[in-house]
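For reference, the chains in residue letters:
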Amino acid sequence: MTIITLTTDFGWRDPFVGVMKGVILGINRHVHLVDLTHEIAPHDVLEGALALEAAVPFFPPGTIHVAVVDPGVGSDRRALGLAARGQTFVGPDNGLFTFLLSEPGWRAAALENLAYALPSLSRTFHGRDRFAPAAAHLSRGVSLDSLGPPATDLVQLRWPAGHREGERLVGEVVHIDRFGNLITSVRTDDVESLGPPDAVAVEVAGWLILGLSRSYVDRRAGEPGAIVGSSQ
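Cut-offs and rules
All residue numbers refer to positions counted from 1 along the written sequence of the respective chain. The predicted origin of the model limits local features to residues at a pLDDT of at least 70 and limits the giving and counting of side-chain atom pairs to 80 or more, whereas totals for whole chains, interfaces and linings rest on all residues. The basis for every side-chain value is the complete set of non-hydrogen atoms in the structure, without hydrogens or water. In this description a helix means any DSSP run of H or I spanning at least four residues, a strand means any run of E spanning at least two, and both kinds are numbered starting from the N terminus. Per-residue accessibility, obtained with a 1.4 Å probe over protein chains only, is compared with the maximum for each type, and a residue is labelled buried under 20%, exposed over 50%, and partly exposed between these values. Contacts: residue pairs with any heavy atoms within 4.5 Å of one another. The method behind every accessible area is Shrake-Rupley, applied with a 1.4 Å probe, and residues are considered shielded solely by the protein chains displayed. Counted as positive: Lys and Arg. Counted as negative: Asp and Glu, with His and the chain ends omitted from the count. For the purpose of locating charges, the reference atoms are NZ of Lys, CZ of Arg, CG of Asp and CD of Glu. The aromatic pairing rule takes the rings of Phe, Tyr and Trp, using the six-membered ring of Trp, and pairs them if the centres are within 6.5 Å, calling planes under 30 degrees apart stacked, those over 60 edge-to-face and the rest tilted. Think of a 1 Å grid over the protein atoms and nothing else: a 1.4 Å probe that fits but is trapped marks a cavity, an open set flanked by protein within 12 Å on at least five of seven lines marks a pocket, and residues with an atom within 4 Å of a point count as lining. Grid points are joined across faces, edges and corners, and a volume is the space filled by probe spheres set on the points. All residues other than Ala, Val, Leu, Ile, Met, Phe, Trp, Tyr, Cys, Pro, Asp, Glu, Lys and Arg, Gly among them, are scored as polar; the first ten of these are nonpolar and the last four charged. Paired strands, as defined in this entry, are two strands with at least two bridges between them according to DSSP. Here the expected length of a helix is defined as 1.5 Å per residue gap, with one fewer gap than residues. The angle between axes fitted to the seven residues ending at a residue and the seven residues starting there is what we call the bend at that residue.

A. Focus on the overall build of the protein chain. The helix and strand inventory of the protein chain stands at four helices and 13 strands. The 232 residues of the protein chain split such that 41% are buried. Across the protein chain, contacts joining residues at least 24 apart in sequence account for 62% of those joining residues at least 6 apart. Carbon together with sulfur atoms contributes 54% to the accessible area of the protein chain, which is approximately 12,800 Å² in total. Side-chain charges of the protein chain comprise 19 positive and 26 negative groups, with the mean position of each set lying 6 Å from the other.

Okay, structure coming up:
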């Protein structure tokens, strides 16, 4: 049974997510639908891309990821299907898939074959009318090439990353999770290159934190701390 994940900025108040699931199941009932998140900040394409980057490695080959964070819906921005890492991605060509494009072997198609879209295309809900149907047809064995012509010059975001400045490793805060953790662009292997955890100092907005914690309980309540997170 094919896995199809959904990542959007739609929230749960409106029926948008449920409608997309209905479209998919109307084309192929034999899929397993997984909600990655629908709480991406409205129109925050980078946040959506970072969420995908964190989640995709934990899904098996053959998974189809539908991502809809789409401030350009209804404009001339392309709709895409993209194959990379043994998985397939469907969504707008606005940078959501930047994290995949630095790797060799990816290929993409513009979703121009309307045989794999709903008969009536709205200007405001391509998640329902284009992306959900395309993912459902892919799950039934339709090839990526059948969805439309090849696409090569994909939109890419400026991708946050840590960088060295002498003995310092400089990054930026890219996300605040629901627990209040400041998620940075510094990678685990970059931190490890600095030396033992007790010898590392972290400065954030004027706060100086001496040493890395091994768990949250290493710090008193209300005391700032730094910890290597679960995302790589």
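From this point, things continue past the structure.
B. A look at the packing of aromatic side chains. Evaluated as defined, the whole model comprises six aromatic pairs. Ring geometry for F89 against F97: centres 5.8 Å apart, planes inclined by 55°, an arrangement best described as tilted. Considered together, F89 and F97 belong to a single accessibility category, that of buried residues. Consider the rings of F89 and F99, whose centres lie 6.4 Å apart with planes at 85°: the pair is edge-to-face. Of this pair, F89 sits in strand β5 (residues 87-92) while F99 sits in the loop between β5 and β6 (107-110); the two residues are ten residues apart in sequence, bridging distant segments of the chain. As far as the burial class goes, F89 and F99 line up, both buried. Every member of this aromatic cluster is reached through a ring pair, and the members are F89, F97, F99 and W159.

C. Fine view of helix α2 (residues 45-55). Buried residues dominate α2, accounting for eight of its eleven residues. Listing the buried residues of α2 in full gives V45, E47, G48, A49, L50, L52, E53 and A55.

D. Structural view of the layout of surface pockets. If you add up the space inside the second largest pocket, you get close to 200 Å³. Considering the residues around the second largest pocket, the lining is formed by D9, F10, F16, H43, V68, D70, V73, T124, F125, H126 and G127. Residues that form the lining of the second largest pocket fall into these classes: five nonpolar, four polar and two charged.

E. Local environment of unusual backbone geometry. Non-glycine residue R85 carries a positive phi angle of around 60°. Tracing the backbone through its elements, the reader meets R85 in the loop between β4 (79-84) and β5. Residue classification places R85 among the partly exposed residues on the basis of a relative accessible area of 38%. Despite not being glycine, A205 shows a phi value in the positive range, around 50°. Here A205 lies in the loop between β12 (201-204) and β13 (207-210).

F. View of the pairing of β4. Of all the six residues making up β4, six are buried; the element is thus mostly covered by neighbouring parts of the structure. Burial along β4 is two-sided: A79, G81 and A83 and L80, L82 and A84, pointing in opposite directions, are all buried. Bridge count between β4 and β5: six bridges; the pairing is antiparallel. Looking at the pairing, A83 lines up with T88 of β5. Hairpin connection from β4 to β5: two residues lie between these consecutive antiparallel strands, with R85 at a positive phi of about 60°.

G. Structural context of helix α3 (residues 126-139). With 14 residues, α3 extends 18 Å between its outermost C-alpha atoms, agreeing within 8% with the 20 Å of an ideal straight helix rising 1.5 Å per residue. The sharpest bend along α3 measures roughly 30° and falls at A132, with the proline P133 sitting one to four residues further on. Taken across its 14 residues, α3 has 13 buried, putting it largely inside the fold. Among the residues trailing α3, G141 stands out with phi positive, at a value near 105°.

H. Expanded view of the side chain of S185. Inspection of the secondary structure puts S185 in the loop between β11 (182-184) and α4 (188-192). Those residues in contact with S185 that lie beyond four places of it in its chain are P160, A161, G162, G171, E172 and V174.

I. Spatial organisation of the sheet that holds β6. Spatial strand order, β2-β1-β3-β5-β4-β6-β7: seven strands in an open sheet with mixed pairing. A strand with exactly one partner marks an edge of an open sheet, and here the two such strands are β2 (31-37) and β7 (150-151). Two strands pair when backbone bridges link them, and β4 and β6 are joined in this way by four bridges, in the antiparallel orientation. Counterpart to A83 in the pairing with β6 is R107.

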